Amino acid sequence: MWSTKKPNTSPVVGLELKDLLAEKKSIDLIRPLDSIADRPTTWLGSSMHVKGDITGTEDLLIDGAVEGLIELDEGNVTVGKTAKLTTDIHARDVIVHGYVKGNVSARGRIEIRKGGAVIGNLTTAQITIEQDADFKGSIEINRSATREIDENVYPRAASVGAGRV
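Here the structure is a predicted model, which means the values were calculated and not measured. (Residues numbered from 1 in each chain as written. Predicted model: local features only at pLDDT ≥ 70, side-chain atom pairs only at ≥ 80, totals over all residues. Heavy atoms only, no water.)

Here we look at the overall build of the protein
Selection criterion: Only DSSP runs of H or I with at least four residues qualify as helices, and only runs of E with at least two residues qualify as strands; both kinds are numbered from the N terminus onward. Only protein chains enter the accessibility calculation, which uses a 1.4 Å probe; a residue whose area is less than 20% of its type maximum is buried, one above 50% is exposed, and one in between is partly exposed. All accessible-area figures derive from a Shrake-Rupley calculation using a 1.4 Å probe, and residue coverage is judged against the displayed protein chains alone.
On a plain count of helices and strands, the protein comes out with three helices and 16 strands. Taken over 165 residues, the protein has a buried fraction of 33%. For the protein, the exposed area adds up to about 10,700 Å²; of that, 55% sits on carbon and sulfur atoms.

Structure (structure tokens):
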């Protein structure tokens, strides 16, 4: 009548869930801070290989391979540690942990983190290249894009605040 057997639980299921949670935490650590909050983010996994252009408005985290143009004017692009890109990138912010061969243009900032590599020209308002990162190319600092962003954000914020009582 009373069974002394414990329910059949597989330890593999527990490990898989644990691994997925650990992977999510590691993705959150390399994702740009702006994208963690309320922005939708698309993830291209390490086994994925894309040949062609990628366009959109979401943030993009790439761990796979891409050959083609990446154009996310309002989004952030994060190149994961396992990513290998042969592409030009146009985005708001770009953070590189992996390998990029191509020109990178960001209205906000470009960061090449430790272990990351970029072979190509960079155009941005802010640049960070960490120690033990690789870079070969030229850098053009373009502050006009930052001014455009500031001019578009502050008037909207002022008009929203002015409408409240």
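Considerations on a nonpolar patch on the surface
To keep it simple, the criterion reads: Patches here: salt-bridge-free residues with over 30% relative accessible area, like charges joined within 9 Å, nonpolar side chains (Val, Leu, Ile, Met, Phe, Trp, Tyr) joined within 5 Å. Every case where a carboxyl oxygen of Asp or Glu lies within 4 Å of a side-chain nitrogen of Lys or Arg is listed as a salt bridge.
Nonpolar side chains collect at one region of the surface, where Ile 129, Ile 139 and Ile 141 lie side by side and expose about 230 Å² of accessible area between them. Here Ile 129 shows up in strand β14 (residues 126–129).

A short note on the sheet that holds strand β5 (residues 65–67)
Under the convention used in this document: In this description, strands pair whenever DSSP reports at least two bridges between them. Here an axis means a line fitted to C-alpha atoms, over the contact stretch when the element is a helix, while the angle between two N-to-C directions is reported on a 0 to 180 degree scale.
Spatial strand order, β2-β5-β7-β9-β12-β15: six strands in an open sheet with parallel pairing. Looking along the sheet, the strands with just one partner apiece sit at the ends: β2 (49–51) and β15 (134–136). Sheet twist, expressed as the average angle between the axes of neighbouring strands with direction ignored, equals 5°. Pairing of β2 with β5, which is carried by three bridges, proceeds in the parallel orientation. What sits directly across from Lys 51, in β5, is Glu 67.

What to know about the pattern of salt bridges
In the structure shown here, the tally under the stated rule is six salt bridges. Among the ionic pairs, Arg 109 bridges to Asp 93, the shortest N-O distance being 3.2 Å. Residue Arg 109 is located in strand β11 (residues 109–112), and its partner Asp 93 is located in strand β8 (residues 89–96); the two are separated by 16 residues in the primary sequence. An identical accessibility class is assigned to Arg 109 and Asp 93; each is buried. Within this structure, Arg 92, Asp 93, Arg 109, Glu 111, Arg 113 and Glu 130 form a network of salt bridges that share partners.

Some remarks on the nonpolar core
Threshold: Throughout this description, the term nonpolar core refers to a set of buried Ala, Val, Leu, Ile, Met, Phe, Trp, Tyr and Cys residues connected via side-chain atoms within 4.5 Å. Whether two residues are in contact is decided by their heavy atoms, any of which lying within 4.5 Å being enough.
In this structure, Ile 62, Ile 70, Val 77, Leu 85, Ile 89 and Val 94 are the most contacted members of the largest nonpolar core, which totals 23 residues. Only β4 (59–62), β6 (70–79), β8, β10 (104–106) and β11 provide two or more residues apiece to this core. Residues contacting Ile 62, with those up to four places away along its chain left out, are Leu 44, Ile 70, Val 77, Thr 78, Val 79, Gly 80, Ala 83 and Leu 85.

Some remarks on the environment of Asp 132
When you line up the elements, Asp 132 lands in the loop between β14 and β15. Sequence-wise, Asp 132 and Ile 112 are 20 residues apart; in three dimensions their C-alpha atoms are separated by 9.6 Å. Sequence-distant contacts of Asp 132, defined by excluding residues within four places in its chain, comprise Lys 114 and Gly 115.

Observations concerning the side chain of Asp 59
The criterion, for reference: N or O atoms within 3.5 Å of each other form a polar contact, as long as, within protein, one can give a hydrogen and the other can take it, and as long as residues adjacent in sequence are counted only when both atoms are side-chain atoms.
Of note, Asp 59 is situated in strand β4. Residue classification places Asp 59 among the buried positions, given a relative accessible area of 2%. From its side chain, Asp 59 meets the backbone nitrogen of Asn 76 in a polar contact 2.8 Å long.

Examining the pairing of β4
The alternating pattern of β4 places Asp 59 and Leu 61 and Leu 60 and Ile 62 on opposite faces, both of which are buried. Sheet topology places strand β1 (residues 41–44) next to β4; four bridges connect them, and they run parallel. Paired with Trp 43 across the bridge in β4 is Leu 61. Taken together, the three bridges between β4 and β6 define a ladder with parallel strand orientation. Looking at β6, one finds that Ile 62 is bridged to Val 79.

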